[in-house]
Structure formats: structure tokens, C-alpha cells
Amino acid sequence: MAISSATKAATDALAVNRAPVSVGAQEVHRWLQSFTWDFEKNRTKYSTKYKMANDTKEQFKLIAKEYARMESVKDERQFGSLQDVLTRVDAGNRVHPKWNESMKVISNFLEVGEYNAIAATGMLWDSATAPEQKNGYLGQVLDEIRHTNQCGYVNYYFTKHGQDAAGHNDARRTRAIGPLWKGMKRVFSDGFISGDAVECSINLQLVGEACFTNPLIVAVTEWASANGDEMTPTVFLSIETDELRHMANGYQTIVSIANDEAASKYLNTDLNNAFWTQQKYFTPVLGMMFEYGSHFKVEPWVKTWNRWVYEDWGGIWIGRLGKYGVESPASLRDAKKDAYWAHHDLFMIAYALWPTGFFRLTLPTAEEAEWYEANYPGWYEMYGKVYEEWRARGCEDPNSGFLPLQWFAENNHPIYIDRVSQVPFCPSYCKGASTLRVLEFNGKKHSFSDQWGERMWLSEPERYECQNIFEQYEGRELSEVIAEGHGVRSDGFTLIAQPHTSKDGKLWTLDDLKKIGCVFADPLKSL
Amino acid sequence: MSIVVAGGRRGLTDPEIAAVILAAIPDKPLETNRKMNYFVEPRGRRLNEYEVLCCYTQPTPDWIPGGLDWGDWTQKFHGGRPSWSNESTEMHSSDWHKHRDPAFRWHALYVKDKAEEWRYTDRFLKAYSADGHVRSIDPIWRDEVLGDYLGAFGFSEYGLFNAHSSVVRDCLGDTLRMSSAMIGLDKVDNAQMIQAERTFLAKLVPGFDESTDVPKNEWTKGSIYKGARETVEEIWQGTYDWNEILFSGHMIYDPLFGQFVRREFFLRLSAYYGDNLTPFFINQMQLYHSQTKGITTDMFHTCLSADPTFGEYNDRLMRAWSDKWLPRTVNALKDFMGIFAKIPEIKGVTSKDAIEAALERVFDDWQRDYADPIGYKVDTSAFIKTVLTGLK
Ligand SMILES: [Fe+2]
Ligand SMILES: [Fe+2]
């Protein structure tokens, strides 16, 4: 066969230079934008009121194989540390007991967020039209699988090497019993995947990742290491290296819709709702996990919050988006108030409901009480005194027959659940901004604790129909509910949850609870 | 000591802090069960790491079969559509958490394999170029077949890749979701590696056009990929049921059309035209195909077809879906036959008898591995006859 001129040129070129040649990821990526084509049905399966631009670019420019190379390098380091030196020095066990318990919740709840982010970014990959933008979201889909597995790995490691495996070893089943779970689902599960695709991106990327990832994933590593935990920093800081790309995806989402008319109409409302949605849960829960779930204190939550949420995100990050018409959310000011007291209010309720957890909780010690009072003046009058009363009545002792929940009933302080955020609140005994609002719709009563959530519900009640734990468990006895939710240890009767982490304290059993005869009631029914 | 710890002091290494921690730790562990996810039914004899790290990460309520949670969704779509729902597919399962990747790959294992493949690709290309192999490729094969038609096939892979986005959003199980994302990523990897090969050729062969213009024109306007393009568009964007997307793509279209194009056309023929480069890339794709086959046959056969309650119903539905997607796939193959008129004929290799034998291999494999397990009766010789009418 005749040799073509191109073959001759290739032959000549080889004669001159035989240097090995390969192809880099960037050289492939630069063609990516042309991989798609127009056809009649080419549109997203998930409606959005915004239009994402066809020519949106991504910043990170990865191809599949290069992505894998990069991640596997990070994996080698991370799993190498965990499996080698940390295991040899018994690091899994040498963690303060209070923190061992906190990681049951933190790692498992973060896992839920990571898991739902897989689906969320799948939806965004579908919604975007530009192949580069799709590619950015695709990278995130894979990252979120990574993070799901990594969070699981933390609980897995504590299960294998830690001082109390219960809860670490079955959080995926027992987490559904208690009062923190449904609120977690709102922010980390449904808030990411159910709604207008861009609204979900704002929840996940612009608020969840750009705003709360820093306190959640970075600050937590400081608290962890102060309390002896080196597993969490090893894993979470590795997660964090991927998050930069996710924040960039959120930024590109806004860029891609910036010129769309819908953005000027809806973007700031969606952002405000997303911010309130995320902060309503994270502000109190993170503050509570850090301060009440640790022995050694790094800094008061309100300071962390002001730095990361108020200044860094509300100021700088949102400021950068100002040229696209993005404004700081109107609810930021109310959130700032929550950052001071809401986590103290929530801990009181969480502790009162301790048997429904999959972790052990601890009342503040005298030393801690001093620290709280110094950083949150007025703390003792409101909370410290009550904890002293609970302790005096034997709330830690299984023989006492006393659950702090009884204190709320005796003093006529009913606990409600906010329909939109699913966060419990006690309007008659709190220092945070919660106020009780009750609305009736289709013969059903709904309680709310703030104006922002109430507004969301008023405009779209069909989106927030989920029953809460008091409606679900109404009329049922506490130990029965826990047994049904598998909240017991492998001996079949000792509770996973306990009201103390003292190594000499006695452990509560199902029978200890049963004797008390605590029956769930729906507070809305007695209104 | 004070409970305030500043300046990054670490509890594991700071003696003062460590002493407080050690004093607080219980003398013996409070719980003896050190098996995470002990309540999960293992696929093999005992629970493996993949099952520990992946199973039940999805928080679905019990009214979606297999779920461990209770109650409604805490936020729904505008108008009240649920986050995830049984109505998202016509398939029924008594446990959407049952699927397992037969290779038990969680994220770290999956990216480790692909990272090795990438590093090895880099080393292979360097050796290939330094060796001067490129001189031996037949110019028509190189410029027209690899330049245009392999390039155009990249769009088929890219379209199938995109079909996974809504599956990743909508499917009802955690292991399903992770598997779907991984087999989706393999598809875009294929499309990217096709472009990588073309870019590589452009570096070695002056004048070789690496641009995607001509292949895209072939894919969107040419006759050879017309049937394929129409089928891919329908899988990607015309289909909403996430199981049907996976079934049509991975149980019908790819094992027939994809396998013929990759294995029986590019892989089998390249050596005859002096091309030792393309087999390197196609072999990677064939590895992904076999891993994907393990995954999707687990989904559709091991789980859905064998479901104790809904197995028979699912088989019937899969047979109905086969009726729907087979003719389109056969048509795609028929159109693809046009490619044989574009290459220099080699007797016994590209002649009709050889093509028919190649088609038989593909259809036989498909019948054994995909049709028989769901009781789908089919006359493959009739399909082959139809496909062959596409020869020009
Ligand atoms: Fe993540
Ligand atoms: Fe993320």
C-alpha cells in the first residue's frame, strides 16, 4: 500500500527525534467542551427556574483517570497513617471518652451529608448543559462517594480500636431514634436533593460547603486533636482537600445563571432560605457537639461562628459574588443571635432526651460550668443551676428513677418541634430567639420556632409534611421505642445511650427506663 | 490542669493532656461487639470492608423496601414530589439495598485501579512513541477510521456516560448509587481516552487532525452512527425510569452495539492494519465493560430477577424492555455495517463471512449472558440477517 505523506512526515520526524511522548490530562480536557451535541430531547430531567449557560467552564479541568490518580495518592497517605502508626500507638483508644461519643454523631451525620451530596451533584450534572460544568459536578459525585466511605471509615476505626464501639458500630440503624436525626435529614439529606436544582446547589455548595464546611470539617479537627483524636484530623483534612473544588462548583453555578433574568428575581430569596435552613440546624448542633461533647476546649463556639460564618462567608465569600447580584442573606443577623445561645438551649433538650441517642452524653463539670459562665455570662443562672438540680436528683444513676425530661413536664415547659427545620425547642425555657408559632392546616397542627421557617412553610406547606418524633412515638412507652429502634448493646439490655461518661458510673438498662414509665405525648394535642 | 487548650496542643502527644485522657478512659472496653454494620446481611461468608463502608449509608424510610428509617421526607420538591420514591421505577424489589459490586470496590479501591491504569497508559505511550510503532499504521485506517470513526464512537460513550446522571440522582439504594456513578465514570473515561489516542497521534503524525469537528459531524450527521446516535439520545434523555436507563444501556445496547464496535471492529481489525495502539486503549475499555457487566448483571439478575416476591414480574418487565430496545440496537448495528465500505478489504477479515462470524460471537454472548437469565426467547440469526443487510 502507498505510504501517505503524513506517514512519511511521521517517519522523518522520528528520524530526527525519538524522545518519548505521552498525553497529559490538560491536552485531553481542552476538547471536553465539544463532547456534547444538540438534539431535540437534550434538556434536564430536573426543572429549575434558572437557565444555566451553555458555555460555563470549570476551574479544575480533571479527566477521569487524572482524578483517580490524584485521589489515590491522598488515600495512600491517609489510610497508611491510620493503619500503621496510629494503630501501633493505640490512638483509637486514647481519646477522651466524651469525644469518643461525639464522633459517633459527627462522623455518621457528616456521612449522611456526603451520601446525599452524591445524589445532589448527580442532579446538577444532569441540569448543567456545558460539558465542563457537568464534569465539575461529576468530579464532585465521585468525591462525595469518597467522603461517604471516609466518614464510615472513622466510625469503623473507632468500632475496631476504640473504648466504646456501641453506636459507632450501628449508627446507620440507631440514628433514626432520637431528636437530632430528622433535623439532620432536612439540612444534609432532603435539603440537598429535593427542590429546584439550583436551589439545591445553593444549599449544598454555596451554604453547606462554602459556609459550614470550615467549622464542620476544619474546626472539628482542632477540637478532635485537643481531645486526643488524631483519626478525625487524618480523615477530615483529606476530605477538605476536595471541598475546594466543590466550593468552586457552587461559585460556577452562580456564574452560570448570573445573566439569566430569573436570577435577579429569585436568587437572593433562595440564598436566604438556604442559609436559614442550614444555619438553623448547624449553628446549635455544631456548637453543642464541640462545647458539650469535649473535655478540652479550643475556643467558644460563638467566636468560631463569627469568624467562619459571619466574617469569612457572609462578608468575603458572598462579597465576591456581589458582582453577580448576590446579597448577604437577610436572616444572617438573626442567625448571629442564635450562635450565642441556641446550642446551650439544644443541649438541654438533647440531654433531657438522652435515652433516645446512640451515644453517651455528659453534664458539664464544675470546671466546665466556670468556662461557660466566663464565655457566656448568664449561663449559670439559666442552665448551670438546672444541671445541678438534675444531678442532685440522680439523673446519672439508673436507680434514681429520674429522667430530666420529667423536669420539663413538672415545670410546665413543653418541648415542641419546628415543622420546617425539625429542630426541637422549648419556648418557655430558652435564651435563644425561639418563639412558639402554631398554625393549623388540613386539620393538622404545626409548630414553628422562627419567622423564616414559618414563611417557607406558609408559601409551600406541601414541602414540609414530615411527622416529628412526638407525633411518631405518641402514646408509646420510652423503653419500647428504644428496643424497637435497636438502641441496646450486644448484651441485649444495656442501653447504647447513657447520661454520663464516667468510667465508674453504672450503665442504664431497658428495665431501668421501663420502671419510670415515661410515655410520649404530642405537645400540639394539648394546645 | 486547665480544660482550655490553646496553641494547637494535641491530646495524643502532650503529656499533661494525655494523662487526663488516660485517666478518664474505661479500664476495659464498654462494648464487645467490634463489628461495624453487624446487622447487615453479608453477600459472602462474612461482611467485607466494602459492605461496612457502603451499606445503609442511604437514609431511606422503610416504605422504600430495605430502608431502616421511618416517616416522611423532611423537605420535598416544589409541589410535594418526594425526595426518593418507589414510583421512580417500574421495577419492584423487596430490598433496594441488596446489590453488591461483585468486585467489592469502594471508592479507594476503584480509584486505585484507575490510577494504575493511567500511570501505565503514560508509560505505554512513551514506549510506543519512542519505538516508532506509529510508522506501521495503514494511512486510511489511521486517518479515516481512527481519526473520524473512532472519534465518533467517543460520542456514543459520552452519551451513555451522561445517561447515568439521573440514575445517580434517582436510584433507590446506596450500593446501586455508588456502582452507577462508577460505571458512568468509566464511560466518560472511554470517551476521554479515545480523544487521548487522537491527540497522541496528532503529536506523532504531522497533519493528523485531533479536533473533534469531523468526528462530531460524523456522529451527528453521518449515516454510520445514525441508529446508534438515536438510541443513545433515547437512553440518555428520553428515558426517565432509572432502571430502564441502566437496562437499555448496559443490558442491551452496550453488550451488542458497544461490544461489536469495540471488540469485533476496532480491537480485532487494528492489528491487520498495523495498528498496535488502539488495542491498548480498547483493552482498557473491555476491562471496564467486564466490570460493568458484573455490576449490572448483579443488579438485574442476582437481585431483581431472583427477588423472592417480585422476580417473575421483574423478568416480565425486562423482557418487555428487551422488546423495546433490541430493534433499535439491531438498527444501530445495521447502520454501522456501512463502515466496512470505507476500509481496504482484507479477505477473511473484513469480508462478509468474517463479519457474520463476529456478529454471531456478539449475539451468542449476549443471548447466553443477558437473554437466557431472564427467559427471553430470541432468534438471534434473524437479527444478524437484518444487521447484514446494512453492508454496502
Ligand atoms: Fe464532601
Ligand atoms: Fe463536598
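Criteria and cut-off values
- Numbering of residues starts from 1 in each chain and follows the order in which that chain's sequence is written.
- Chain letters start at A and ligand numbers start at 1, both assigned in the order the entries are written.
- The predicted nature of this model means local features are confined to residues of pLDDT at least 70 and side-chain atom pairs, given and counted, to a pLDDT of 80 or more, with totals for whole chains, interfaces and linings taken over all residues.
- The side-chain values count all of the structure's non-hydrogen atoms but skip hydrogen atoms and water molecules.
- Here a helix means four or more residues in a row that DSSP labels H or I, a strand means two or more in a row labelled E, and each is numbered from the N terminus.
- Categorising residues by exposure relies on relative accessible area from a 1.4 Å probe, with only protein chains included: less than 20% of the type maximum marks a residue as buried, more than 50% marks it as exposed, and the intermediate range marks it as partly exposed.
- Only heavy atoms enter the contact rule, under which two residues are in contact if any of them lie within 4.5 Å.
- Put simply, a salt bridge is a Lys or Arg side-chain nitrogen that is within 4 Å of an Asp or Glu carboxyl oxygen.
- In this description, a donor is an N, O or S atom within 2.8 Å of the metal centre, a cutoff extended to 3.2 Å for sodium, potassium and calcium. Water is not part of the atom list, which can make sites seem incomplete.
- In the analysis that follows, any N or O atom pair within 3.5 Å is treated as a polar contact, provided that within protein one partner can donate a hydrogen and the other can accept it, and provided that, for residues neighboring in sequence, both atoms belong to side chains.
- The disulfide criterion used throughout: a pair of cysteine sulfur atoms within 2.5 Å.
- Every axis in this analysis is a line fitted to C-alpha atoms, fitted for helices over the stretch in contact. Angles between the N-to-C directions lie between 0 and 180 degrees.
- Should an angle lie under 35 degrees it is considered roughly parallel, over 145 roughly antiparallel, and from 65 to 115 roughly perpendicular; all remaining angles are considered oblique.
- By convention the crossing between two helices is left-handed if the near helix lies anticlockwise of the far one by an angle smaller than a right angle, and right-handed if it lies clockwise.
- Under the grouping applied here, Gly and all other residues not named as nonpolar or charged are polar, the nonpolar ones being Ala, Val, Leu, Ile, Met, Phe, Trp, Tyr, Cys and Pro and the charged ones Asp, Glu, Lys and Arg.
- Within this scheme, the nonpolar core is defined by two criteria: the residues are buried Ala, Val, Leu, Ile, Met, Phe, Trp, Tyr or Cys, and they are joined through side-chain atoms within 4.5 Å.
- Accessible surface is computed with a 1.4 Å probe, and the buried area is the amount of it that two parts give up when combined, taken over both parts together.
- Each aromatic pair joins two rings of Phe, Tyr and Trp (for Trp, the six-membered one) with centres within 6.5 Å, and gets the label stacked for planes under 30 degrees apart, edge-to-face for over 60, and tilted for any other angle.
- Charge-over-ring contacts are defined here by two conditions on Lys NZ or Arg CZ: a distance within 6 Å of the ring centre and an angle within 35 degrees of the ring normal.

Turning our attention to the side chain of A:Asn135. Following the sequence through the fold, A:Asn135 ends up in helix H5 (residues 131-161). A relative accessible area of 8% means that A:Asn135 is categorised as buried. Excluding its chain neighbours within four sequence positions, the residues that come into contact with A:Asn135 are A:His29, A:Leu32, A:Glu58, A:Leu62 and B:Gln192.

With that out of the way, let us pick up the pattern of salt bridges. Residues and elements named next belong to chain A. In this structure the tally under the stated criterion is 72 salt bridges over all chains. For Arg 88, the salt bridge goes to Asp 84, with nearest N and O atoms at 2.6 Å. Residue Arg 88 and its partner Asp 84 are both found in helix H3 (residues 64-88); the two are separated by four residues, about one turn of the helix. Here Glu 101 makes a salt bridge to Arg 360, at a shortest N to O gap of 2.8 Å. One end of the pair, Glu 101, is in helix H4 (residues 97-127); the other, Arg 360, is in the loop between helix H13 (332-352) and helix H14 (366-375), and 259 residues separate them in sequence. There is no split in this pair, since Glu 101 and Arg 360 are both buried.

Here the focus is the coordination of the iron ion (ligand 1). Residue and element names in this part refer to chain A. Taken together, Glu 114 (OE), Glu 144 (OE), His 147 (ND1) and Glu 243 (OE) make up the protein donors of the iron ion (ligand 1), found 2.0 to 2.6 Å from the metal. As a motif over one chain, the donors of the iron ion (ligand 1) read E-x29-E-x2-H-x95-E. Separation of the iron ion (ligand 1) from the iron ion (ligand 2) amounts to 2.8 Å, with Glu 144 serving as a shared donor to the pair. Of this pair, His 147 sits in helix H5 while Glu 243 is found in helix H10 (residues 231-257), placing the two residues 96 residues apart along the sequence.

What follows is about the side chain of B:Arg177. As for its position among the elements, B:Arg177 is in helix H6 (residues 174-204). Side chain to side chain, B:Arg177 and A:Tyr115 meet in a polar contact 2.6 Å long. From its side chain, B:Arg177 meets the backbone oxygen of B:Arg169 in a polar contact 3.2 Å long. Aside from chain neighbours lying at most four places away, what touches B:Arg177 is A:Tyr115, A:Ile118, A:Ala119, B:Gln58, B:Trp84, B:Val168, B:Arg169, B:Asp170 and B:Cys171.

We now examine the state of the cysteines. Counted by the stated rule, this structure contains zero disulfides over all chains. The structure places no disulfide on A:Cys151, whose sulfur is separated from the nearest cysteine sulfur, that of B:Cys54, by 13 Å. The thiol of A:Cys518 is unpaired, and the distance to the nearest cysteine sulfur, on A:Cys395, comes to 14 Å.

This part covers the packing of helix H12 (residues 352-371) of chain B against helix H13 (residues 380-388) of chain B. Residues and elements named next belong to chain B. Where H12 contacts H13, the axes come no closer than 10 Å and their chain directions differ by 140 degrees. Taken together, the axis directions place H12 and H13 in an arrangement best described as oblique. Crossing handedness for the pair H12 and H13: right-handed. Contacts from Lys 352, Ile 355, Glu 356, Leu 359, Glu 360, Phe 363, Asp 364 and Gln 367 of H12 reach H13 at Thr 380, Phe 383, Ile 384, Val 387 and Leu 388. Of the residues contributing to the contact of H12 with H13, the split by class is seven nonpolar, two polar and four charged.

Core analysis: the largest hydrophobic core is formed by 292 residues, its most contacted members being A:Trp390 and B:Tyr225. Apart from the residues within four sequence positions on either side, B:Tyr225 is in contact with B:Tyr149, B:Ala152, B:Phe153, B:Glu218, B:Trp219, B:Phe257, B:Val261, B:Phe266 and B:Phe336. If you look at the next biggest cluster of nonpolar residues, it comprises six residues, including A:Ala226, B:Ile17, B:Ile21 and B:Ile25.

Our next topic: the interface of chain B and chain A. In this assembly, 128 residues from chain B lie in contact with 134 residues from chain A. Across the interface of chain B and chain A, roughly 11,800 Å² is buried in total on both sides, 61% from carbon and sulfur atoms. Interface area lost by chain B to chain A is led by B:Ile3, B:Trp70 and B:Thr74, which between them contribute 8%. Where chain B meets chain A, there are nine salt bridges. In this structure, A:Glu465 and B:Lys76 form a salt bridge, with 2.6 Å as the shortest nitrogen-oxygen distance. Our count for the chain B to chain A interface comes out at 74 residue pairs in polar contact (both at pLDDT 80 or more).

Around the iron ion (ligand 2), the protein contributes the donor atoms A:Glu144 (OE), A:Glu209 (OE), A:Glu243 (OE), A:Glu243 (OE) and A:His246 (ND1), at 2.0 to 2.7 Å from the metal centre. In primary-sequence terms, the residues that donate to the iron ion (ligand 2) follow E-x64-E-x33-E-x2-H.

Turning to the packing of aromatic side chains, a few remarks are in order. One pair of aromatic rings is described through two measures. These are the centre distance and the angle between the planes. With the rule as written, the count across this model stands at 83 aromatic pairs over all chains. Here the aromatic rings of B:Phe124 and B:Phe280 are separated by 3.9 Å at their centres, their planes lie at 0 degrees, and the arrangement is stacked. On the criterion of sequence distance, the pair formed by B:Phe124 in helix H3 (residues 107-131) and B:Phe280 in helix H10 (residues 278-305) is long-range, its members being 156 residues apart. The buried category is assigned to B:Phe124, whose relative accessible area is 18%. An angle of 20 degrees between the planes, with centres 5.1 Å apart, marks the rings of B:Tyr253 and B:Phe257 as stacked. One end of the pair is B:Tyr253 and the other is B:Phe257, both in helix H9 (residues 242-270) and four residues apart, which spans about a single turn. Accessibility classification places B:Tyr253 together with B:Phe257 in one group, the buried group. Positioned above the aromatic ring of A:Trp341, the side-chain terminus of A:Lys431 is 4.8 Å from the ring centre.

Purely geometric numbers; function is a separate question.
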